[in-house]
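A closer look at the structure
Residue-level listing of the chains:
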Amino acid sequence: MSSSRTFEDKQPQRRASSGFEFLKGVGQVTGGTLLSITMLASSIVAGGLVGLAISFRNLPDVRQLRNFFPSETTYIYDVKGKLLTSIHGEANREVVPLDRISPNLKRAVLASEDDHFYDHHGINPTGVGRAIITNAAAGGVKEGGSTVTMQLVKNLFLSRKRAFTRKLAEAVLAIRLEQILTKDQILEMYLNQVYWGHNNYGVQTAARSYFNKSAEYLSLGESAMMAGLIQAPEEFSPFVSMKLAKQKQKEVLGRMRDLNWIDQSEYDNALKQEIKLGKIKSFQGSALPYITNTVAQELAKKFGRETLLKGGMRVQTTVDANFQVMAEETVSKWHKTLLGQGLSKNQMALVAIDPRTHFIKALVGGIDPKTSEFNRATQAQRQPGSSFKPFVYYTAFASGKYAPDSTVVDAPVSYRDGNGWYFPRNYDGGFRGAMPIRTALAQSRNIPVIKIGKAVGMNRVIETCRTLGITSPMEPVTSLPLGAIGVTPLEMASAYATFANYGWQSPPTVIARVTDSSGNVLLDNTPKPQLVLDPWASAAILDVMRSVITEGTGKSAAIGRPAAGKTGTTSSEKDIWFVGTVPQLTTAVWVGRDDNRQLADHATGGVLVAPIWKDFMDKALKNVPVENFKSPSQFSRPKSNQS
């Protein structure tokens, strides 16, 4: 419970009348009889409830409210502080301390709900007595007589059922609560707990929804209108009927004037004030659903779903909203272009990561989040094809036995495969003889990479993949170097980013920092990189992948600055890729179909996806200085391991 300064005007001038005008129209009871019964009932209530408090032993323990934290909405922001979305369960709430709530609203609520709040000890005997008489005359529960304290314990502890025994329970709990909390603490809790309509719980979310401002800055007219909502929020909502909302506003202002809490001129000015409505914000869609859904999944995994919905977390993502929009627009544009080239029903995914931090800078999980929430960037397990080959060659370089210029022979070969034989083929069906590894990767030859994989050991290749964060099932089969496994675009981007950082790795994340609503840090993802790969072998594979763009299958990805990457095309052209990097940004782009059918004859990553990567990187690196990769010669080459 936050400490707050004392509520202003806590002893406002009371009306001369004792409030019996509320008893008009009770029915057959005469004025004198009514007064006598009311005084008697008030005495019974005032004296009897203390005794009742002893007998209500099965009621909740109000002492737990000393450490009570109401459910709060979680807010997700971009890296610059722009709100992307809010996540909550039933209650959309942002808790604020009492001294950050407008005095106008505090007075308006108390005038409307409990003008003796700072005088009583949890119950108002006159009000309760009046309610008993009214209900007796009506033959049922028609009037509550509840104080703010009683309303609070009802909301927190008791069912909505209107019954005499529940009213007694309210009163008992209210008396108990007033013994352990101050008046300001109770009022603060009430204002943050009460329901204001349209899924807004608490004054802050209500003020932002109704008037697009903080509760701290509500005017007298706005405050009176909000106070008038408490008894029937949706019925009197200005979003539903401004006429009824103004009517309730006038009633609250009149009550404040009668209490001498405002004067006539304040009353008149408040009624004349133009009300500028905001928007109903609860359950609004996210501005960037691929980002915010990924954030929500990370938070739920780390803190649990209950905390995500009710914990009031403030989440700073690693993504700039404008950068993400640019990435989404790039994907949308190229989807249409590929449709024009005959790739019907194509889907796409794009992931961009800063290799220095492993912070995700853009994440696009499909061509349109409105038509499909399935996030292909993080959830689609697709075959990487030849974009897997750098993992094999890195493993060879890390063994110390091979270098970029080591020779491998591209010639017919066969391997025992179960009960039969496996005859690997190149994409073009031909063979080109002896060549350096650099050329073999640049031209994406299949037979050389299988030979190297067999030489270093497929289990070593799998170890490399696990170190790089690829979790899909893998078997040390002969065809593994051709990418016959399932990976996500996020896994591919993260793996290449570790190469681009010369073997230093942090967990890829879309979350930079998480705090609670009071600013206490819950999660700090400041990068703490660990060296997981050999730096020389990482620099060597980058150097070889530069040749893919300068002279190999990825020429269409040339962006006029040093870049390294690899094309990927699976058998039957079901998945096509380009994964590439500069020292400051690593990006993976995948194109395929959700039904896993062929895209088109001769659809390759080099021809169709490399231009998409180039288009995105040209825009992403605008105003980013050109930077060279480090040469392998700057690192010590690993010694050959003969084991």
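See the structure above.
These remarks concern the structure in this document.

Assigned secondary structure in the protein consists of 20 helices and 19 strands. Scored against the burial criterion, the 643 residues of the protein give a buried share of 55%. Partitioning the intrachain contacts of the protein with sequence separation of at least 6 by distance along the chain shows that 72% fall at a separation of at least 24. Summed over all atoms, the accessible surface of the protein reaches about 27800 Å², with 51% contributed by carbon and sulfur.

Spatial ordering of the open sheet is given by β3-β5-β4, a layout of three strands whose pairing is mixed. Two strands bound the open sheet, and with one partner strand each, they are β3 (92-93) and β4 (195-197).

You will see that Ser 444, though not glycine, has its phi angle at about 55°, which is positive. Residue placement: Ser 444 occurs in the loop between α15 (437-442) and α16 (446-456). Given a relative accessible area of 13%, Ser 444 falls into the buried group.

Summed over all chains, the structure comprises 13 aromatic pairs. An angle of 45° between the planes, with centres 6.2 Å apart, marks the rings of Tyr 210 and Phe 211 as tilted. Ring plane angle 85° and centroid distance 5.2 Å describe the contact between Phe 388 and Phe 391, whose orientation is recorded as edge-to-face. The class for Phe 388 is buried, based on a relative accessible area of 0%. Among the residues examined, Phe 391 registers a relative accessible area of 0% and is labelled buried. Taken together through their ring pairs, the aromatic side chains of Phe 388, Phe 391, Tyr 394, Tyr 496 and Phe 499 make up a single cluster. The ring of Phe 236 has Lys 248 sitting right over it, with the charged end atom 4.9 Å from the ring centre.

A word on the nonpolar core. Among the nonpolar cores identified, the biggest contains 114 residues, and Phe 391, Tyr 393, Phe 397, Phe 499, Leu 585, Val 591 and Phe 616 are the most heavily contacted of them. Per-element accounting of this core gives the leading share, 10 residues, to helix α19 (residues 535-551). In this structure, Phe 499 is in contact with Pro 390, Phe 391, Tyr 394, Leu 468, Leu 533, Ser 538, Ile 541, Leu 542 and Met 545, ignoring residues within four places of it in sequence. Core analysis: the second largest hydrophobic core is formed by 49 residues, Ile 101, Leu 110, Ala 227 and Ile 230 among them.

All right, on to the pattern of salt bridges then. On inspection of all chains with the given rule, the structure shows 23 salt bridges. Note that Lys 614 and Asp 618 form a salt bridge whose closest N and O atoms lie 3.1 Å from each other. With Lys 614 and Asp 618 both in helix α20 (residues 605-620) and four residues apart, this pair spans about one turn of that helix. The class of Lys 614 is partly exposed, set by a relative accessible area of 29%. The exposure class of Asp 618 is partly exposed, given its relative accessible area of 35%.

Of all 10 residues in helix α14 (residues 389-398), nine are buried, a share of seventy percent or more. Regarding α14, the residues found buried are Lys 389, Pro 390, Phe 391, Val 392, Tyr 393, Tyr 394, Thr 395, Ala 396 and Phe 397. Where α14 terminates, the next one or two residues include Gly 400, which has phi positive at roughly 85°.

Moving on, we come to the packing of α16 against helix α17 (residues 458-467). For any two helices packed against each other, one specifies the inter-axial angle together with the distance between the axes. Packing of α16 against α17 leaves a shortest axis separation of 6 Å and a crossing angle of 95°. Comparing their axes, α17 and α16 come out roughly perpendicular. Seen from α16, the contacting residues are Ile 450, Gly 453, Lys 454 and Val 456; seen from α17, they are Met 458, Arg 460 and Val 461. Across the contact of α16 with α17, the residue classes break down as four nonpolar, one polar and two charged.

A word on the side chain of Lys 248. Along the chain, the position of Lys 248 falls in helix α9 (residues 242-258). With residues up to four places along the chain from it excluded, the contact list for Lys 248 reads Gly 228 and Phe 236.

With respect to the helices, strands and loops of the structure, Glu 306 is situated in helix α12 (residues 305-310). For the pair formed by Glu 306 and Ser 71, sequence separation is 235 residues and the distance between their alpha carbons is 9.5 Å.

On to the sheet that holds strand β8 (residues 359-364). Strand order in the open sheet formed by five strands is β8-β7-β19-β18-β17, and the pairing between neighbours is antiparallel. Taken across any chain shown, the strands that pair with only one partner, and hence form the sheet edges, are β8 and β17 (564-569). Each adjacent strand pair in this sheet contributes to an overall mean axis angle of 10°, direction not counted. Where strand β18 (residues 575-582) and strand β19 (residues 585-592) come together, eight bridges link them in antiparallel fashion. Its bridge partner lying in β19, Trp 577 is registered against Trp 590. Strand contacts of α19: β17 and β18, with the helix running at about 65° to β17, the strand carrying the most contacts.

In this fold, Met 242 is placed in helix α9. The class of Met 242 is partly exposed, set by a relative accessible area of 30%. When the C-alpha atoms of Met 242 and Met 225 are compared, they prove to be 9.8 Å apart, with 17 residues separating the residues in sequence. Once residues lying within four places of it in the same chain are set aside, the contact partners of Met 242 are Met 225, Ile 275 and Leu 277.

Another aspect to go through is helix α2 (residues 103-113). Burial runs high along α2: eight of the 11 residues are buried. For α2, the set of buried residues is Leu 105, Lys 106, Arg 107, Ala 108, Val 109, Leu 110, Ala 111 and Glu 113. In this structure, the buried residues of α2 make contact with α4 (148-157), α6 (183-193), β4, α7 (203-211), α8 (220-227) and α9. Among the residues of α2, the N-terminal cap falls to Ser 102, whose side-chain oxygen and the backbone nitrogen of Asn 104 are separated by 3.1 Å.

Quick look at the pairing of β18 now. Burial analysis of β18 places eight of its eight residues in the buried class, which makes it a mostly covered element. Neither face of β18 is exposed, since Asp 575, Trp 577, Val 579 and Thr 581 on one face and Ile 576, Phe 578, Gly 580 and Val 582 on the opposite face are all buried. Examined bridge by bridge, β17 and β18 share six bridges and lie antiparallel to one another. When the bridges of β18 are listed, Thr 569 appears paired with Ile 576.

So, on to the packing of α8 against α9. At their nearest, the axes of α8 and α9 sit 7 Å apart, and the two run at 105° to each other. In this view, α8 runs roughly perpendicular relative to α9, as classed from their interaxial angle. For the pair α8 and α9, the contacting residues are Leu 220, Gly 221, Ala 224, Met 225 and Ala 227 in the first and Met 242, Ala 245, Lys 246, Gln 249, Val 252, Leu 253 and Met 256 in the second. Residue composition of the contact of α8 with α9, grouped by class: nine nonpolar, two polar and one charged.

Rules used in this analysis
Residues numbered from 1 in each chain as written. Predicted model: local features only at pLDDT ≥ 70, side-chain atom pairs only at ≥ 80, totals over all residues. Heavy atoms only, no water. Helix = DSSP H or I, 4+ residues; strand = E, 2+ residues; numbered from the N terminus. Buried < 20%, exposed > 50% of the residue type's maximum accessible area, 1.4 Å probe, protein only. Contact = heavy atoms within 4.5 Å. Areas by Shrake-Rupley, 256 points an atom, 1.4 Å probe, with all protein chains shown as cover. Pairing = 2+ DSSP bridges. Phe/Tyr/Trp six-rings, centres within 6.5 Å; stacked < 30°, edge-to-face > 60°. Lys NZ or Arg CZ within 6 Å of the ring centre and 35° of its normal. Core = buried A, V, L, I, M, F, W, Y, C linked by side-chain atoms within 4.5 Å. Salt bridge = Lys/Arg side-chain N within 4 Å of Asp/Glu carboxyl O. Axes fitted to C-alpha atoms, helices over the stretch in contact; angles between N-to-C directions. Parallel < 35°, antiparallel > 145°, perpendicular 65-115°, else oblique. Nonpolar A, V, L, I, M, F, W, Y, C, P; charged D, E, K, R; others polar. Polar contact = N/O pair within 3.5 Å; in protein donor to acceptor, adjacent residues only side chain to side chain.

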